[in-house]
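Coordinates in review
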Amino acid sequence: MNVKFINEQLYVDNIEITGVSSSSLFLIGDANHLQFSSSFDTPPESYYIENIVPVVPFSG
Amino acid sequence: MRDSVVKTVNCQSTDNSSSIRIGDTKWLTPQSVALAVQREGAYYSREFQERHTFQYYHFMDQPFPKQLQPFQCKVSRQEKQPIKVGNINVIGITASSTLHVGSLEHGDAFSKIKHVRQLLEADDEEEVDDHETDDQVID
């Protein structure tokens with residue numbers, strides 16, 4: 001299998017990013033091979049309830 | 001591979017093994033594993049610390065789905081112009097992330113995040129043992 005790339009002009013003036021997070025990649029350039037995986041477990045699914053009495057130092 | 005031309009990069013913060021890279025890279029393999037525990041009352045005891053470790057959560061052991069094998073094919077490139085960017089303005093990079101200016105040969109990254117919320121009491125819900133709940137989360 002043959003693939004032919006012809007890369008013409010690419011010009012970007014301004015890029016605004018709030019955040020890049022969790023093994024992400026912000027790339028300016030070329031890449032041959034990229035393999036990115038992510039898994040997360042976040043509430044409400046991971047809520048659990050416990051009966052805990054918070055201990056505070058006695059004062060007074 | 002093309003050249004990358006960037007005029008300015010403005011980044012406010014890089015946290016937790018994140019990086020700004022300028023130049024070509026052959027291998028980039030960032031990894032991030034996080035266990036984020038939030039507890040109502042904000043009281044953390046030694047027993048609590050020992051109970052909430054990575055091996056306690058089976059979520060951390062679960063493998064990622066297998067991805068496609070690298071496919072062999074003939075690639076020819078004709079590069080006429082470099083990649084040009086004016087200004088890059090980033091507020092934050094965190095958790096093994098990368099801002100990369102330049103070419104990249106291989107990139108292989110993974111990230112796992114387990115969030116845990118502990119509340120003091122439920123309003124109308126039945127109180128459950130946390131082991132049971134954890135199994136439910138895993139399944």
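Residues numbered from 1 in each chain as written. Chains lettered and ligands numbered in written order. Predicted model: local features only at pLDDT ≥ 70, side-chain atom pairs only at ≥ 80, totals over all residues. Heavy atoms only, no water.

**Considering the overall build of chain B**
- Along its length, chain B carries two helices and eight strands.
- Order of helices (α) and strands (β) in chain B, N terminus to C terminus: β-β-β-β-α-β-β-β-β-α.
- Out of the 139 residues in chain B, the part that is buried amounts to 33%.
- Once local pairs closer than 6 in sequence are excluded, the contacts in chain B between residues at least 24 apart make up 88%. (Helix = DSSP H or I, 4+ residues; strand = E, 2+ residues; numbered from the N terminus. Buried < 20%, exposed > 50% of the residue type's maximum accessible area, 1.4 Å probe, protein only. Contact = heavy atoms within 4.5 Å.)

**Observations regarding the pairing of strand 7 (residues 98-101) of chain B**
- Every second residue of strand 7 of chain B is oriented toward a common face, with Thr98 and His100 of chain B on one face and Leu99 and Val101 of chain B on the other, all of them buried.
- Bridging between strand 3 (residues 25-28) of chain A and strand 7 of chain B involves four bridges; their strand directions are parallel. Within strand 7 of chain B, the position partnered with Leu27 of chain A by the bridge is His100 of chain B.
- Pairing between strand 2 (residues 19-22) of chain B and strand 7 of chain B: four bridges, direction parallel. (Pairing = 2+ DSSP bridges.)

**Things to note about the sheet that holds strand 2 (residues 10-20) of chain A**
- Strand order in the open sheet made by the three strands is 2(A)-6(B)-1(B), with parallel pairing throughout. The sheet is open, and its two edges are formed by strand 2 of chain A together with strand 1 (4-14) of chain B, each paired on a single side. Averaged over all pairs of adjacent strands, the angle between strand axes in this sheet comes to 5 degrees, irrespective of strand direction.
- As judged from the nine bridges shared by strand 1 of chain B and strand 6 (residues 83-93) of chain B, these two strands associate in the parallel manner. Looking across to strand 6 of chain B, one finds that Asn10 of chain B is bridged to Asn89 of chain B. (Axes fitted to C-alpha atoms, helices over the stretch in contact; angles between N-to-C directions.)

**As for the confidence of the model for chain B**
Residue and element names in this part refer to chain B.
- For chain B, the average pLDDT comes to 82, and 86% of its residues sit at 70 or higher.
- Helix 2 (residues 130-138) is the least confidently modelled element of chain B, averaging 44 in pLDDT, while strand 7 averages 95, the highest of any element.
- Within the model, the stretch residues 124-139 combines pLDDT values under 50 with 20 contacts to residues more than four positions away or in other chains. (pLDDT = per-residue confidence, 0-100.)

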